[in-house]
Amino acid sequence: MNASHAVNGMIHSVVNQPKAGASAEYALAALSLGAGCADVVSFLKLGYLFTSAMTGNTALLAIALGRGDLVAAAGSLTALVGFGLGVALASVVRQHLGSSAPEPGNLRRLLIVELVFLTGCAVLWNISREPLASERLYAIITLASLSMGIQAVAAYGIRPGISTIVFTSVLIHIVISAIEAITFQKVQKQPNSIKPHLGTFAAYICGGILAAVCVSRYLTLLVWVPVVAVLASRYFLRPEHV
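About the thresholds
- Residues numbered from 1 in each chain as written.
- Predicted model: local features only at pLDDT ≥ 70, side-chain atom pairs only at ≥ 80, totals over all residues.
- Heavy atoms only, no water.
- Helix = DSSP H or I, 4+ residues; strand = E, 2+ residues; numbered from the N terminus.
- Buried < 20%, exposed > 50% of the residue type's maximum accessible area, 1.4 Å probe, protein only.
- Contact = heavy atoms within 4.5 Å.
- Core = buried A, V, L, I, M, F, W, Y, C linked by side-chain atoms within 4.5 Å.
- pLDDT = per-residue confidence, 0-100.
- Phe/Tyr/Trp six-rings, centres within 6.5 Å; stacked < 30°, edge-to-face > 60°.

Caption draft 1: Summary view of the environment of G34. Here G34 is to be found in helix α2 (residues 19-45). By relative accessible area, G34 is classed as buried at 2%. Considered as a pair, G34 and M148 are 114 residues apart in the sequence and their alpha carbons are 9.4 Å apart. Discounting residues that sit within four places of it in the chain, G34 has contacts with P226 and A229.

Structure representation (structure tokens):
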């Protein structure tokens, strides 16, 4: 197989990807953008913690404990517990919904649950001029991380194996796929397998950049970005799209 044939095969597979698959990818990208924004805002404004990236949050918790900084440790621990509660709640909701509606319908309902907590978080944030110095700090952390836990389960339901919040394994997959494509191994399979990972990874970075640029001047608007992202994801999961 020569290089031009390999490249043409990859382009043909991407261009002719089913519309339903594209809609799912858009939904995942929207959730990733919201997660990237939420992580950067929480890191910069809630005391150096993450509300969706639990690997980094665990490392920050270990650092805080090692330094004896119990205040910082409490924030990271709150985020970890909140995230776990979100995953548990989402799992219970999915089991309760069962087969009462097609999978896209169940996922859209699950995202409504996330919207409730995200909206509550955004409202609390807007009425707390300085969340880090507010008595509402731990409520904000809990609501934000709980929402991200729900999102993790919803994203898994949209497309198993594609993450909107964990990117270490995504980066591994992207690099391995790229090497296999360069060496012309499994070329026909690469576009469909790598494209969703690239999309969520890029969207997460874009959300983080947006937050970093706007956090100083537009914080009260920025905290609504994850809410808008979930609404966009629900739009892409409408029956006529999937």
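Caption draft 2: Focus on the nonpolar core. Within the largest apolar cluster, 33 residues are counted, with the highest numbers of intra-cluster contacts made by L110, L111, I158, V230 and L237. Of all the secondary-structure elements, those providing two or more residues to this core are α2, α4 (70-97), α5 (103-126), α6 (137-158), α7 (168-182), α8 (190-214) and α10 (225-236). It is α6 that contributes the most residues to this core, seven residues altogether. Membership of the second largest hydrophobic core comes to 21 residues, among which are A79, A122, W125 and A211.

Caption draft 3: Focus on the confidence of the model for the protein chain. For the protein chain, the mean per-residue pLDDT works out to 83, and 84% of the residues sit at or above 70. Within the protein chain, no element has a lower average pLDDT than helix α1 (residues 3-15), which sits at 36, and none a higher one than α10, at 96. Low pLDDT, under 50, characterises residues 1-20; the stretch is placed with 20 contacts to residues that sit more than four places away or in other chains.

Caption draft 4: Up close: the packing of aromatic side chains. Under the defined criterion, the tally for this structure stands at six aromatic pairs. Here Y26 and F236 contribute two aromatic rings whose centre-to-centre distance is 5.4 Å and whose plane-to-plane angle is 55 degrees, an arrangement assigned as tilted. Residue Y26 is located in helix α2, and its partner F236 is located in helix α10; the two are separated by 210 residues in the primary sequence. Taking relative accessible area as the criterion, Y26 reaches 48% and is therefore assigned partly exposed. Taking the centre distance of 5.1 Å and the plane angle of 75 degrees together, the rings of F43 and Y48 count as edge-to-face.

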